[in-house]
Amino acid sequence: VAGTEILLVIDMFTRYDHSTATMQLAERLDLFGPLAYHAAVDGISIVFMLLTALMVLLVVIYGIIRGLKPVSRFLSVLLGIEASLMAMFTTMNLMWFIVLSTVQLGLVGFMLWRWAQSPEKDFALTRFYQFMGIGILLLLAGTLALGWNAAHETGQWSFDLFVLAQVPMLVGFQSVVFFLLFYGFSIRTPFFPLHGWLPLIAEHGNIAIAPALFLGIKIGIYALLRFVFPLVPVAITQWHNYVVVFAVVGIFYAALLAMLQINLRRLIAFAVISHTGIIIMGLFSLHHLAFQGAVLLSITFGLAAATLSLVTGMIYRRTRT
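Caption draft 1: The arrangement of a nonpolar patch on the surface in detail. Together, Leu-264, Leu-267, Val-311, Met-314 and Ile-315 give the surface a local cluster of nonpolar side chains, amounting to about 400 Å² of exposed area. Per-element tally for the nonpolar patch: the top contributor is helix 12 (residues 288-319), with 3 residues. Mapped onto the elements of the fold, Leu-264 is located in helix 11 (residues 264-283). Owing to a relative accessible area of 40%, Leu-264 belongs among the partly exposed residues under this scheme.

In structure tokens, the structure reads:
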């Protein structure tokens, strides 16, 4: 199934018209009112989907070789995570994005609860759900605020990206929505100083969990590009310098902590946080070349961090340390 998925994504990549930056291969079905099905892809979606398909295939192979019991349940959960990630990369409906994000986080938490072997896994799981629960609540509040504004201006609730982008919004209201969405996605990213959950999960989770977790982290970067930047552009121009300052501090803070680690998993986790600062700094510099570089770094380091985690598992199997 994972192999078929990557072939489908490659087929989609070949069908995509790279000469234009518009949304393509769109499908829409108005069955659920504000939760209407609306899916499409652009160049950013496709590269994230290629990364997801490749990493899930590698984790499937690792899980089978590692013998995580029961294998059928592990693979089912992993494919469920892949399905939710693929849906998030294609949906144009912000509320569907949050629903799918909740499903994906629940499956990652189940994976940690079921297959992690650390004696402190319960503490790590509690922290994970605390941080992610707050993030989901912030995203939900921001999304409902956008839907309410659409209903106020047009007389109809909507969470569709293209509808919301056309609805006028007061500058002060944009700032409120920006902070709700930005903080919600920053917890997932994770962005300094909202990163406290990641080192715990990386240290006390199973190695097979890490790639699935790192793929979920990339959702935060993708969501900022897909939803936050188009919907609240005025607020971003107003606050982007402050975000860049936090990003710079986070880069050096997390890099210093990475150098102090004696646990490989925690080291990789702090490296991810440091690189996240670089990506956020690129995005909020508001330059088109920095946008391209941020997406490229997000993809390449996502691949590197996830495979480094698998290598860490191989080292542990050989050395037991």
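Caption draft 2: Spotlight on helix 7 (residues 171-188). With 18 residues, helix 7 should cover 26 Å at 1.5 Å per step; its first-to-last C-alpha distance of 26 Å lies within 8% of that length. For helix 7, the full list of buried residues reads Gln-174, Ser-175, Val-177, Phe-178, Leu-181, Phe-182, Gly-184, Phe-185, Ser-186, Ile-187 and Arg-188.

Caption draft 3: Local environment of the side chain of Arg-226. Position of Arg-226 among the secondary structure elements: in helix 9 (residues 209-231). Judged by relative accessible area, which is 7%, Arg-226 ranks as buried. In this structure the side chain of Arg-226 is engaged in a polar contact, spanning 2.6 Å, whose partner is the side chain of Asp-42. The contact partners of Arg-226, leaving out residues within four places of it in the chain, are Met-23, Asp-42, Ile-44, Ser-45, Met-92 and Leu-161.

Caption draft 4: Structural detail: the pairing of strand 2 (residues 37-41). Of all 5 residues that make up strand 2, 4 are buried, and the element is covered over most of its length. Pairing geometry for strand 1 (residues 24-29) and strand 2, over 4 bridges, is antiparallel. When the sheet's bridge partners are listed, Gln-24 is paired in strand 2 with Val-41.

Caption draft 5: Just the nonpolar core, in detail. Phe-178, Leu-283 and Phe-284 are the most contacted members of the largest nonpolar core, which totals 95 residues. At 10 residues, helix 9 tops the list of elements feeding residues into this core. In contact with Phe-178, not counting residues within four places along its chain, are Val-228, Val-232, Ala-235, Ile-236, Trp-239, Val-243 and Phe-284.

Caption draft 6: Up close: the environment of Arg-265. With respect to the helices, strands and loops of the structure, Arg-265 is situated in helix 11. What makes Arg-265 partly exposed here is its relative accessible area of 21%. Residues Arg-265 and Arg-318, spaced 53 residues apart in sequence, show a C-alpha to C-alpha distance of 16 Å.

Thresholds applied
Residues numbered from 1 in each chain as written. Predicted model: local features only at pLDDT ≥ 70, side-chain atom pairs only at ≥ 80, totals over all residues. Heavy atoms only, no water. Patch = residues over 30% accessible without salt bridge, like charges linked within 9 Å, V, L, I, M, F, W, Y side chains within 5 Å. Areas by Shrake-Rupley, 256 points an atom, 1.4 Å probe, with all protein chains shown as cover. Salt bridge = Lys/Arg side-chain N within 4 Å of Asp/Glu carboxyl O. Helix = DSSP H or I, 4+ residues; strand = E, 2+ residues; numbered from the N terminus. Buried < 20%, exposed > 50% of the residue type's maximum accessible area, 1.4 Å probe, protein only. Expected span 1.5 Å × (residues − 1). Polar contact = N/O pair within 3.5 Å; in protein donor to acceptor, adjacent residues only side chain to side chain. Contact = heavy atoms within 4.5 Å. Pairing = 2+ DSSP bridges. Core = buried A, V, L, I, M, F, W, Y, C linked by side-chain atoms within 4.5 Å.

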